[in-house]
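This is what each chain is made of:
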Amino acid sequence: MAQTKTRNLTFVQAINEGIRQELERDPNVIVMGVDVAGAAGKADQGFIDHFGGSFGMTKGLIQKFGPERILDTPIAENGFIGAGVGAAATGLRPLVDLMFAGFVGVAGDQIFNNAAKMHYMFGGKVKIPLTIQCQTSAGHGSAAQHSETLYALFTHMPGLKCVVPSDPYTAKGLEIAAIRDDDPVIIFQSITLMGMNFDVNVPEEPYTLPIGKARIVKEGTDVTLIGIGLTTQICLQAAKQLEKQGYSAEVVDLLSLSPLDEEAILESVRKTRKIVITDEDYPRCSVSSDISALVAEQAFDILDAPPVRVTAPHASVPYSPVLEEAYLISETKVLQAAMSLLE
Amino acid sequence: MATATTSSAITKDKLLWMYETMVLIRKFEEQARREQDSGRLRGTHSAIGQEAVPTGICAHLKDTDFVLGNHRSHHHCIAKGVDVNEMMAELLGKVTGTNRGKGGTMHIADITKGMLGANGVVGSNIPVATGVGLSAKTRKTDQVSVVFFGDGAAQQGSLHESINLAAIWKLPVIYVCENNRYAESTPFEYSVAGGSIANRAAGYGVPGVTVDGQNVLDMYEVGGEAVRRARAGEGPTLIEAQTYRYFGHYGADNPLGYRSKEEQDHYMSKDCIRQMRKHLTESKFATGAELDAIDKDCHTRIEAATKFGVDSPFPDLDELTTDVYIKYP
Ligand SMILES: Cc1ncc(C[n+]2csc(CCOP(=O)(O)OP(=O)(O)O)c2C)c(N)n1
């Protein structure tokens, strides 16, 4: 049997490779966004691909696929995301980069009123295979408008799928799965994960991860830690600390928020009888509160204690480094939450 | 392109104020870059090269008038009179900052000086400025609302919606596009159909003026007419100020990845401060020594601002959740 080759890639490299492979596989895939290449229109003067997209995720693509498929857009999110909806409705598979999740405020009309609803409103006769990727996470000195996570805004909407990779392996697999999916999919990419080193092997071949399935990244018996994207890594660190104190934590990496793998969550809780839910997003009407409700409604009798949530406060992201540090979800906060259930 | 009348119509005080303001901005921004390079400030959008644009406009404004900015807004703030000590403290995340350390480089605001805030979302402040104009008109004050935004921002729908509103309601709003030729690395020529932002004004029946944004006297001239119109109830003006940012878009971005050294040299040779200095000395409004004294004074003020910022305390941790609401519950 042919051995699949794997390598150690960064989060960004893995995403870049996934996008490249989809562009190669399907001529209907296009990429759009602000500076997805950069220096637009100046190739003849020797300038090309200066930005390579948000954090370099689409670097090197314009040289291979040209400006017809790698489209630098003016700063007009409602315009170009709406264009993505129309293009998707008529045969293309656009991948659109929104940049920071907060910019959804500009493009909300197209995402919430059109992308999410057209399939339903038109009686299932139109499909919108649109992928929107956006960047998330506080911790980078960028203040209130450039640091949000905002999962809940999107998961709230029927018609949108939402996925959150937690390492380079899941980043590539979910990127490809999202582009191939016939529904609109939002991918949330933590910029903190982009700066981390991973000891994770990423296959060279294209592969997909199923949208809607969580994965157990560490098995355990005493407490369930629910991670989403970056917080999966934080839960894994906290689990190590718990191990040292003699407790066995199970870490569930959600990967998909809509659809949500309710069974994976419930199954873990049935085993551990205790749950800590971590979520970088705001706490009200959120994925974390949704999961808390899920276990309260469906696993109430087997819980040893009420669910505990570790989230951002109900406040915007502060600029000052000391306040921002306090704002973030940390290993210590997760550890304390787990210990409150275990001791 | 609009050109300046002779500066003889302007008082010496005003001329020197404009020179001093541009120098103060330049020195503030040079220090901000040093703070960024040292890591005390985690990144900033430098306004070096664009000093003349808000200076020429704000020379006509009072504390009671309003200015709204964008992500690259330190120059707007200083031209509107925001205290450089408090600005530097804000950049460093200190509680003595304009925003108590909560907003940082992209959100500086000081309502007491009429600075209603920088804004990190491109194009987002343009409608807000329109509402400020509506407020002034409704309250029957003679206040003027000025919003600064980039050539990139001019592609957002918010500009179209706003100018149209301001035109039908004759609001005292001045839309100032700082066309520094690039939005991140995207050239103006690529993203602007028709090749002009000012020309769009014709469609709304309002004046659209293209002006050399590296010449503060030209800016002053154009700003004067726009402010006069606004105060007289004649409605909005769209100004496209052609300018240049000397450094990269943000942080350590190297602009030579999307523009040539020759192009940079061309624009830098028309530096706004050097031009003004030459004008003031050649037309005998000021001596070189007088201007040197202003330079030195600005330098001292920025040194003091940095010391103030560095020495100031960080906010207390309980500030994390204050200011979200005025009263809750
Ligand atoms: C709605 C929105 N889209 C994208 C960005 C990312 N971004 C920040 S500044 C910038 C370029 C803005 O260009 P321009 O308006 O010309 O102002 P300049 O930076 O040249 O001063 C971009 C794309 C943003 N902050 N907000």
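Residues numbered from 1 in each chain as written. Chains lettered and ligands numbered in written order. Predicted model: local features only at pLDDT ≥ 70, side-chain atom pairs only at ≥ 80, totals over all residues. Heavy atoms only, no water.

Undergrad: Which residues make up the overall build of chain A, and what values go with them?
TA: Assigned secondary structure in chain A consists of 13 helices and 14 strands. Relative to its 343 residues, chain A shows a buried fraction of 62%. Contacts in chain A between residues at least 24 apart in sequence constitute 80% of all its contacts with a sequence separation of at least 6. Between the mean site of the 27 positive side-chain charges and the mean site of the 41 negative ones, chain A shows a separation of 3 Å. (Helix = DSSP H or I, 4+ residues; strand = E, 2+ residues; numbered from the N terminus. Buried < 20%, exposed > 50% of the residue type's maximum accessible area, 1.4 Å probe, protein only. Contact = heavy atoms within 4.5 Å. Lys, Arg positive; Asp, Glu negative; His and termini not counted. Charge placed at Lys NZ, Arg CZ, Asp CG, Glu CD.)

Undergrad: Tell me what's going on with the packing of helix 3 (residues 77-89) of chain A against helix 4 (residues 104-115) of chain A, and back it up with residues and numbers.
TA: Residues and elements named next belong to chain A. Relative to each other, helix 3 and helix 4 sit at 25°, their axes nearing to 7 Å. One element, helix 3, and the other, helix 4, form an angle in the roughly parallel class. In the crossing of helix 3 with helix 4, the sense of the turn from one axis to the other is right-handed. Contacts from Glu-77, Asn-78, Ile-81, Gly-82 and Val-85 in helix 3 reach Val-106, Ala-107, Gly-108, Asp-109, Gln-110, Ile-111, Asn-114 and Ala-115 in helix 4. (Axes fitted to C-alpha atoms, helices over the stretch in contact; angles between N-to-C directions. Parallel < 35°, antiparallel > 145°, perpendicular 65-115°, else oblique. Left-handed = near helix turned anticlockwise from the far one by under 90°.)

Undergrad: If you had to explain unusual backbone geometry to someone new, which residues and values would you point to?
TA: For the peptide bond that leads from Ser-258 of chain A to Pro-259 of chain A, omega is 0°, which places it in the cis range. One can find Pro-259 of chain A in the loop between strand 12 (256-258) and helix 10 (262-272). For the bond running from Tyr-328 of chain B to Pro-329 of chain B, omega is 0°, close enough to zero to count as cis. Locating Pro-329 of chain B in the fold gives a position in the segment after helix 12 (288-311). Phi is positive for Leu-255 of chain A, which is not a glycine, with a value near 60°. Locating Leu-255 of chain A in the fold gives a position in the loop between strand 11 (249-253) and strand 12.

Undergrad: Which residues make up the layout of surface pockets, and what values do they have?
TA: Considered as a void within the structure, the second largest pocket measures approximately 500 Å³ in volume. Taken together, 19 residues make up the lining of the second largest pocket; nearest its centre are Ser-316 of chain A together with Asn-99, Lys-102, Gly-103 and Asp-323 of chain B. (1 Å grid on protein atoms, 1.4 Å probe; cavity = no way out; pocket = protein on both sides within 12 Å on 5 of 7 lines; lining within 4 Å. Points joined across faces, edges and corners; volume = space filled by probe spheres on them.)

Undergrad: Would you mind going over the interface of chain B and chain A in detail, with residue names and values included?
TA: Counting residues at the interface gives 47 residues for chain B, matched by 40 residues for chain A. For chain B, the biggest contributors to the area lost against chain A are Arg-42, Tyr-190 and Leu-320 of chain B; these three give 20% of the whole. Where chain B packs against chain A, one counts two salt bridges. Run the count over chain B and chain A and you get 21 residue pairs in polar contact (both at pLDDT 80 or more). Partitioned by chemical class, the residues of the side of chain B that touches chain A number 20 nonpolar, 18 polar and nine charged. (Buried area = accessible area lost by both parts, 1.4 Å probe. Salt bridge = Lys/Arg side-chain N within 4 Å of Asp/Glu carboxyl O. Polar contact = N/O pair within 3.5 Å; in protein donor to acceptor, adjacent residues only side chain to side chain. Nonpolar A, V, L, I, M, F, W, Y, C, P; charged D, E, K, R; others polar.)

Undergrad: Tell me about the domain arrangement of chain A, and name the residues and values.
TA: Many analyses report the size of an interface as the accessible area lost when the parts associate. All names here are of chain A. Parsing chain A into structural domains produces domain 1 (6-203) and domain 2 (215-342). Taken over C-alpha atoms, the centre of domain 1 sits 27 Å from the centre of domain 2. Contacts between the two partners involve 31 residues from domain 1 and, on the opposite side, 26 residues from domain 2. Summed over both sides, the interface between domain 1 and domain 2 buries roughly 2,100 Å², with carbon and sulfur atoms accounting for 60% of that surface. Looking at the side of domain 1 facing domain 2, the largest losses of area belong to Tyr-151, Val-164 and Ser-166, adding up to 23% of the total buried there. At the boundary of domain 1 with domain 2, the tally comes to 17 residue pairs in polar contact (both at pLDDT 80 or more). For the side of domain 1 that touches domain 2, the secondary-structure elements that each account for two or more residues are helix 6 (151-155), strand 6 (161-163), helix 7 (168-180) and helix 8 (191-194). For the side of domain 1 that touches domain 2, the per-class residue count stands at 16 nonpolar, 12 polar and three charged. (Domains from an automatic or database assignment.)

Undergrad: Explain the site of the ligand to me, using residue names and the numbers behind them.
TA: Looking at the ligand, there are 22 residues lining it, with Glu-77 of chain A together with His-71, Arg-72, Gly-120 and Gly-152 of chain B nearest. Neighbouring residues of the ligand are distributed over chains A and B. Here Val-122 of chain B contributes a backbone N or O atom positioned 3.0 Å from a nitrogen atom of the ligand. Residue Gly-152 of chain B places a main-chain N or O atom 2.7 Å away from an oxygen atom belonging to the ligand. (Near = heavy atom within 4 Å.)

Undergrad: I'd love a proper account of the pattern of salt bridges, names of residues and values included.
TA: When the charged atoms of two side chains with opposite charge come close together, those side chains can pair. All names here are of chain B. For the structure on display, the rule yields 41 salt bridges over all chains. Put simply, Lys-102 and Asp-323 hold a salt bridge, and the shortest N to O gap is 2.8 Å. With Lys-102 in the loop between helix 4 (84-91) and helix 5 (125-138) and Asp-323 in the segment after helix 12, this pair connects stretches of sequence that are 221 residues apart. For Asp-323, a relative accessible area of 54% puts it in the exposed group.

Undergrad: Could you give an account of helix 13 (residues 331-342) of chain A, with specific residues and numbers?
TA: Residues and elements named next belong to chain A. For helix 13, with 12 residues, the first-to-last C-alpha span of 16 Å sits near the 16 Å given by 1.5 Å per residue. Within the sequence span of helix 13, burial applies to Val-334, Leu-335, Ala-337, Ala-338, Met-339, Leu-341 and Leu-342. Where helix 13 is buried, its residues contact strand 10 (223-227), helix 9 (230-244), strand 13 (275-279) and strand 14 (308-311). (Expected span 1.5 Å × (residues − 1).)

Undergrad: How would you summarise the sheet that holds strand 10 of chain A if you had to cite specific residues and measurements?
TA: All names here are of chain A. Spatial ordering of the open sheet is given by 9-11-10-13-14, a layout of five strands whose pairing is mixed. This sheet does not close on itself; its edge strands, each paired only once, are strand 9 (215-218) and strand 14. Pairwise comparison of adjacent strand axes, ignoring direction, gives a mean angle of 25° for this sheet. Taken together, the four bridges between strand 13 and strand 14 define a ladder with parallel strand orientation. Paired with Val-276 across the strands is Val-308, a residue of strand 14. Each of strand 9, strand 10, strand 11 and strand 13 touches helix 9; the most contacted strand, strand 10, lies at about 155° to it. (Pairing = 2+ DSSP bridges.)

Undergrad: An account of empty space enclosed by the protein is requested, with residue identities and associated values reported.
TA: Per the stated rule, a full pass over the model turns up one cavity of 30 Å³ or more. Volume-wise, the largest cavity comes out at about 50 Å³. In terms of lining residues, the largest cavity is bounded by Val-34, Asp-35, Thr-73, Pro-74 and Ile-75 of chain A together with Gly-152, Gln-155, Ala-183, Thr-186 and Ser-191 of chain B.

Undergrad: Could you give an account of the environment of Leu-342 of chain A, with specific residues and numbers?
TA: All names here are of chain A. Checked against the element boundaries, Leu-342 lands in helix 13. Residue classification places Leu-342 among the buried positions, given a relative accessible area of 15%. On a C-alpha basis, the gap between Leu-342 and Lys-274 in space is 8.4 Å, while along the polypeptide they are 68 residues apart. Every residue in contact with Leu-342, bar those within four places of it in the chain, is listed here: Asp-222, Val-223, Leu-242, Tyr-247 and Lys-274.

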